[in-house]
Amino acid sequence: MMNRDILLDMEQEDDEEEGDIVLENLCDQTIVTSFGSLESQVDFRTPEFEEFNGKPDSLYFNDGQRRIDFVLVYEDESKRENNKKGSNEKQKRKRQAYESNLICDGLQLEATRSVLDDKLVFVKVHAPWEVLCTYAEIMHIKLPLKPNDLKTRFSAFHGFNWVGKLLRVDENIIKPEQEFFTAPFQKDRMNDFYIHDRDTFFNPATRSRIVYFILSRIKYQVTNNVPKFGISKLVSSGIYKAAFPLHDCKFRHPSEDPSCPNERYLLYREWAHPRSIYKKQPLDLIRKYYGEKIGIYFAWLGYYTQMLLLAAVVGVACFLYGFFNQDNCTWSKEVCDPDIGGQIIMCPQCDKLCPFWKLNITCESSKKLCIFDSFGTLVFAVFMGIWVTLFLEFWKRRQAELEYEWDTVELQQEEQPRPEYEARCTHVVINEITQEEERVPFTVWGKCIRAALCTSAVLFWILLIIASVIGIIVYRLSVFIVFSTQLPRHFNATDTIQKYITPQTATSITASIISFVIIMILNTIYERVAIMITNFELPRTQTDYENSLTMKMFLFQFVNYYSSCFYIAFFKGKFVGYPGDPVYWLGKYRNEECDPGGCLLELTTQLIIIMGGKAIWNNIQEVLLPWVMNIIGRCRRVSGSEKITPRWEQDYHLQLMGKLGLFYEYLEMIIQFGFVTLFVASFPLAPLLALVNNILEIRVDAWKLTTQYRRMVPEKAQDIGAWQPIMQGIAILAVVTNAMIIAFTSDMIPRLVYYWSFSVPPYGEHTHYTMDGYINTTLSIFNIVDFKNKSRDNPYFGLGNHTTCRYRDFRYPPGHPQEYKHNIYYWHVIAAKLAFIIVVEHIIYSVKFFISYAIPDVSKSTKSKIKREKYLTQKLLRENHLKDVKKYIVDKVIESVDNNLRPKSE
């Protein structure tokens, strides 16, 4: 996490001279060049005089009245071991300039030294009422007008109330928040707002958000007429070590301070604790404590997990259908039958070292294949194509409800440029809209060059990922020969190991494990690469930055995680030629062949290893890494010091969440969403694995946010941002991939063609529809004398009376006028596969379109509530305004009458 932040802040500082630092005249006074006078305004106290002793969870200044809205931490330059006087003095002047401007802007500061390390200084920041009101208006923050009399929540059916009560959080513990009609705050209409108590009108999350807005925009330096400002830049350059809002108490115990809301404790007890794993999430409290941006993530993750429950039930049912019907699988019986599969000699699958082998050694893998390659797989693939549409459409409705309940409808946020962007603004151009001069970081040509370089870098790294996939393919081709010689497939395959570990199985498992390891290594590298490219691209706002990084990261991850699955599903075994004329990879390696039952089982193995390994690794990393880091930090400090350290110092020693917040959590879930939807036709248990992982993921994320990380700055958000269109794109692609998996990877279409066609010529003369003889029909014949390598030392010979071998394809036998050419059955199967893809795609896309049309993004009841609230809000404001106007007119009339009645002598 720390490395990511370092990469995010890779901006070079300009070399400044001593006279470059200039304070902005915020106080209507002369430019300040000496910082001693403003330094004296900061209440700097030593720990011995602190009043927090005995109250380590105090959230107030030493006077016990002013609430701490933010904490800044820096290291006293005079106490540093490696004291570089020039550099330290420069940092000190910047910090003093910054703090002076904070004071001039109305914020109140109080500094205190650390109890454990006297080098650390904590600057507590408080925003007075006037400052909060001013910036609430600037930020268009919606605040309460009057209590809301509209019902926004509906209870479950009476018959299921006991179930809902069991799953819901106890309202006696976490009391429901009172709801209000709201409007953007205006100072000149303050009397219209529901100000019952000034201390609680702005809740802690809103206060922290306002203060962070100020901290991000206060200047600390002007260099070459280019202003530099913002706490992010000061933290990244080391002038401050940290900046964060406070948690309100310990997470294990409620605060002894009666004024503390204890929301962190409630979240830990009812949300993050393992015993609450079956309960619904307290989304309103999450939103209140962490802000709408984090609240919407957990709302989406919870809704996705709920929808996975339905997919998991259907997936398990389809798996059980295949499991219980595997003994009735005719083609598997024929493979395992010693009189059928035991008599079929298969051709070698490599050129010199691979022996002949009998078909019945694939008996166990053919049984497993019957579990996944069944009619239930087809039903499940169609179901998942519809499920993903239902999920996305119902999530839009749920999101619209949250927008109303959380008051983010028509959210107005004026995004300011990122400090990193403004620091590079050295070119002056004329704005086309305002026709005024403005500074930009580079010219149009410079922007084009940067875009071209970024695009080239992205393509280069994608090609590198593809090269790694090619390396895995070469590994498969090379190691298959080794396994073929080390695990010889003799005619009498009776050994237990040979029954379960064939060369194809051994190659598949080892290649999947190596592929997973390479994926995780490349994953770490590409995170850094994507951040570096996006930093070089220099997006203007934080939203632009996150959207640009999102697309790059998803593109990298998509190729990284899914490329091996696409290879197995759509390329392996499709272009192999036939034994007499094989196709070679890179002119050297003979292309891989699938088992006689196809590559579906190998694709399933790949998905299990990658999905399972990724889930286990991510959860271990998310739990252990912050926990171990905090344990190490506590060991370095004095034992038992937590009892006497104040709240701000306890929070400082927690882990930093990172500038991108939940970006990586979203990315992890979207990659999982891709596995669940893109390749689910090969593994119907994928939704079940995702369901179990997500149930743990919610609580793990809740645990680390509540216990291991500093409190994040609350942010507003209406939706999940760029992740929504990415999921919609995956949903569209999933229909194609699953249809193609069933058509080209599984053996379902050839079996259906055989079943419906082999009762008539030219396929056979069966008197009824049957699968008998399917294996013999789908294996072509090859004459061993037609091998290109005919050396007597070659294992192609020495078969006794056997002069032919079999291979998986639909070709004419030797001696036929068109020997080794594709037969008519092959073209019928190809036509059936293409027809299947077209029909299934059109059916599913039609159903998806109908569902999307039939389910509006915003429910009728939510629309009515939004309109009614807007109407009542406007009516309330208008009526109050008319009252003020009438009062003003009446006062003027009375004043005029008094003036007219007053004697002239007066």
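Residues numbered from 1 in each chain as written. Predicted model: local features only at pLDDT ≥ 70, side-chain atom pairs only at ≥ 80, totals over all residues. Heavy atoms only, no water.

Student: Run through the overall build of the chain, naming residues and quoting values.
Tutor: Looking only at helices and strands, the chain has 28 helices and 19 strands in total. Looking at the 906 residues of the chain, the share that counts as buried comes to 52%. A fraction of 78% describes how many contacts in the chain between residues 6 or more apart in sequence connect residues 24 or more apart. (Helix = DSSP H or I, 4+ residues; strand = E, 2+ residues; numbered from the N terminus. Buried < 20%, exposed > 50% of the residue type's maximum accessible area, 1.4 Å probe, protein only. Contact = heavy atoms within 4.5 Å.)

Student: Tell me about the side chain of S58, and name the residues and values.
Tutor: Position of S58 among the secondary structure elements: in the loop between β1 (43–45) and β2 (70–75). The class for S58 is buried, based on a relative accessible area of 13%. In terms of polar contacts, S58 uses its side chain to reach the backbone amide nitrogen of Y60, at 3.4 Å. Beyond its immediate sequence surroundings of up to four residues, S58 is in contact with R647 and W648. (Polar contact = N/O pair within 3.5 Å; in protein donor to acceptor, adjacent residues only side chain to side chain.)

Student: Got a sec to walk through the packing of aromatic side chains? Specific residues and values, please.
Tutor: Taken as a whole and assessed by the stated rule, the structure comprises 55 aromatic pairs. Seen from their ring centres, F566 and F570 are 5.7 Å apart, and the 45 degrees between their planes marks the pair as tilted. Highlighted residues: F566 and F570, both in helix α19 (residues 542–570), separated by four residues, approximately one helical turn. Overall, F570 belongs to the buried group, its relative accessible area being 14%. One residue, R217, lies across the ring of F213, its end atom 4.0 Å from the ring centre. The ring of Y289 carries R711 above its face, with NZ or CZ at 3.7 Å from the centroid. (Phe/Tyr/Trp six-rings, centres within 6.5 Å; stacked < 30°, edge-to-face > 60°. Lys NZ or Arg CZ within 6 Å of the ring centre and 35° of its normal.)

Student: Quick one: what's the story with the pairing of β2, residue by residue and with numbers?
Tutor: Working note: regular strand, side chains alternate between the two faces of the sheet. Among the six residues in β2, five count as buried, and that is most of the element. Strand direction decides the pairing type here: β2 and strand β4 (residues 120–126), joined by six bridges, are antiparallel. Bridge assignment links Y74 to a residue of β4, and that residue is V121. With three bridges connecting them, β2 and strand β9 (residues 242–244) associate as antiparallel partners. Paired with L72 across the strands is A243, a residue of β9. (Pairing = 2+ DSSP bridges.)

Student: Describe in detail the pattern of salt bridges, supporting the description with residues and values.
Tutor: Across all of its chains, the model carries 24 salt bridges by this definition. Across the pair E130 and K187 runs a salt bridge whose closest N-O atoms are separated by 3.4 Å. Residue E130 is found in helix α4 (residues 129–138), and its partner K187 is found in the loop between β6 (180–184) and α6 (198–201); the two are separated by 57 residues along the sequence. D651 is paired through a salt bridge with R647; the nearest N and O atoms lie 3.0 Å apart. Here D651 and its partner R647 are both found in helix α21 (residues 647–652), four residues apart, which amounts to about one turn of the helix. The same class applies to D651 as to R647, namely buried. What you see here is one network of salt bridges that share partners, running through R269, E270 and K279. (Salt bridge = Lys/Arg side-chain N within 4 Å of Asp/Glu carboxyl O.)

Student: Mind laying out the state of the cysteines, listing which residues take part and the relevant values?
Tutor: Here the structure, examined in full by the defined rule, presents three disulfides. Put simply, C329 and C370 are joined by a disulfide, and their sulfur atoms are 2.2 Å apart. Residues C329 and C370 share a disulfide whose torsion about the S-S bond is about -65 degrees; that sign makes it left-handed. Residue C329 is found in the loop between α11 (292–324) and α12 (330–336), and its partner C370 is found in helix α13 (residues 363–372); the two are separated by 41 residues along the sequence. Accessibility expressed as a relative area gives 5% for C329, which makes it buried. Each sulfur of the disulfide joining C336 and C363 lies 1.9 Å from the other. What sets the handedness of the C336 and C363 disulfide is the S-S torsion sign, and at about 100 degrees it is right-handed. Of this pair, C336 sits in helix α12 while C363 sits in helix α13; the two residues are 27 residues apart in sequence, bridging distant segments of the chain. (Disulfide = S-S within 2.5 Å.)

Student: Quick one: what's the story with the environment of V73, residue by residue and with numbers?
Tutor: Tracing the backbone shows V73 in strand β2. Apart from the residues lying within four places of it in its own chain, the contact partners of V73 are L120, V121, F122, Y240, K241, A242, F244 and Y652.

Student: Go over the side chain of S374, please, and point to the residues and values.
Tutor: Topologically, S374 is positioned in the loop between α13 and α14 (375–405). The buried category is assigned to S374, whose relative accessible area is 9%. The contact partners of S374, leaving out residues within four places of it in the chain, are Y321, G322 and M748.

Student: Describe the nonpolar core, listing the residues and the values that go with them.
Tutor: A general tendency of soluble globular proteins is for nonpolar side chains to be buried together. Counting 159 residues, the largest nonpolar core has W300, Y304, W387, F391, F675 and F679 as its most contacted members. The element best represented in this core is α11, accounting for 15 residues. When neighbours within four sequence positions are excluded, W387 is seen to be in contact with Y304, M307, L308, L310, A311, F673 and T677. In this structure, V121, W129, C133 and F201 belong to the second largest nonpolar core, which totals 43 residues. (Core = buried A, V, L, I, M, F, W, Y, C linked by side-chain atoms within 4.5 Å.)

Student: Tell me about a positive patch on the surface, residues and numbers included.
Tutor: Together, K146, R868, K875 and R878 give the surface a local cluster of positive charge. Considering every element that reaches the positive patch, the biggest residue donor is helix α28 (residues 860–901), with three residues. Here R878 lies in helix α28. (Patch = residues over 30% accessible without salt bridge, like charges linked within 9 Å, V, L, I, M, F, W, Y side chains within 5 Å. Areas by Shrake-Rupley, 256 points an atom, 1.4 Å probe, with all protein chains shown as cover. Lys, Arg positive; Asp, Glu negative; His and termini not counted. Charge placed at Lys NZ, Arg CZ, Asp CG, Glu CD.)

Student: Got a sec to walk through the packing of α11 against helix α23 (residues 686–708)? Specific residues and values, please.
Tutor: Orientation of α11 relative to α23, taken along the N-to-C sense of each, is 155 degrees, at an axis distance of 7 Å. With respect to each other, α11 and α23 are oriented roughly antiparallel. Here α11 runs over α23; the crossing is left-handed. Contacts from I294, Y297, F298, L301, G302, Y304, T305, L308, L309, A311, A312 and V316 of α11 reach α23 at P687, L688, A690, L691, N694, I695, E697, I698, D701, A702 and L705. Among the residues forming the contact of α11 with α23, the class breakdown is 18 nonpolar, three polar and two charged. (Axes fitted to C-alpha atoms, helices over the stretch in contact; angles between N-to-C directions. Parallel < 35°, antiparallel > 145°, perpendicular 65-115°, else oblique. Left-handed = near helix turned anticlockwise from the far one by under 90°. Nonpolar A, V, L, I, M, F, W, Y, C, P; charged D, E, K, R; others polar.)

Student: Can you explain unusual backbone geometry? Please cite residues and give values.
Tutor: Within the chain, D407 stands out as a residue other than glycine whose phi angle is a positive 65 degrees. Along the polypeptide, D407 turns up in the loop between α14 and α15 (419–423). Of note, Y820 is a non-glycine position whose phi angle comes to about 65 degrees, a positive value. Position of Y820 relative to the elements: it lies in the loop between β19 (804–808) and α27 (824–854).

Student: Explain the packing of α19 against helix α24 (residues 723–745) to me, and be specific about the residues and the numbers.
Tutor: Contact geometry for α19 and α24: axes closest at 13 Å, N-to-C directions at 5 degrees. In terms of their interaxial angle, α19 and α24 are classed as roughly parallel. Of the residues in α24, those in contact with T550, M551, F554, F558, F566, A569 and F570 of α19 are W723, I726, I730, L733, T737, M740, I741 and T745. When the residues that make up the contact of α19 with α24 are grouped by side-chain class, the tally is twelve nonpolar, three polar and no charged.

Student: Got a sec to walk through a nonpolar patch on the surface? Specific residues and values, please.
Tutor: The grouping of I616, I620, L624, L625, W627, V628, M629 and I632 at the surface amounts to a nonpolar patch, some 690 Å² of accessible area in total. Among the secondary structure elements, I620 is positioned in helix α20 (residues 600–636).

Student: Could you give an account of the environment of S508, naming the residues involved and the relevant values?
Tutor: Here S508 lies in helix α18 (residues 503–537). For the pair S508 and L601, spaced 93 residues apart in the sequence, the C-alpha separation amounts to 9.6 Å. In this view, S508 contacts R476, E602 and T605; residues no more than four positions away in its chain are not counted.

Student: Got a sec to walk through the confidence of the model for the chain? Specific residues and values, please.
Tutor: Mean pLDDT over the chain: 78, with 76% of residues reaching 70 or higher. Note on residues 1–26: pLDDT is under 50 here. Beyond four places in sequence and across chains, it has 63 contacts. Segment residues 153–160: pLDDT under 50, and five contacts once partners within four positions in sequence are set aside and those in other chains are kept. (pLDDT = per-residue confidence, 0-100.)

Student: Talk me through the environment of K293; I want residue IDs and the actual numbers.
Tutor: Here K293 shows up in helix α11. According to the relative accessible area criterion, K293 is partly exposed, its value standing at 29%. Leaving out residues up to four positions away in the same chain, K293 has contacts with E546, E715, K716 and A717.

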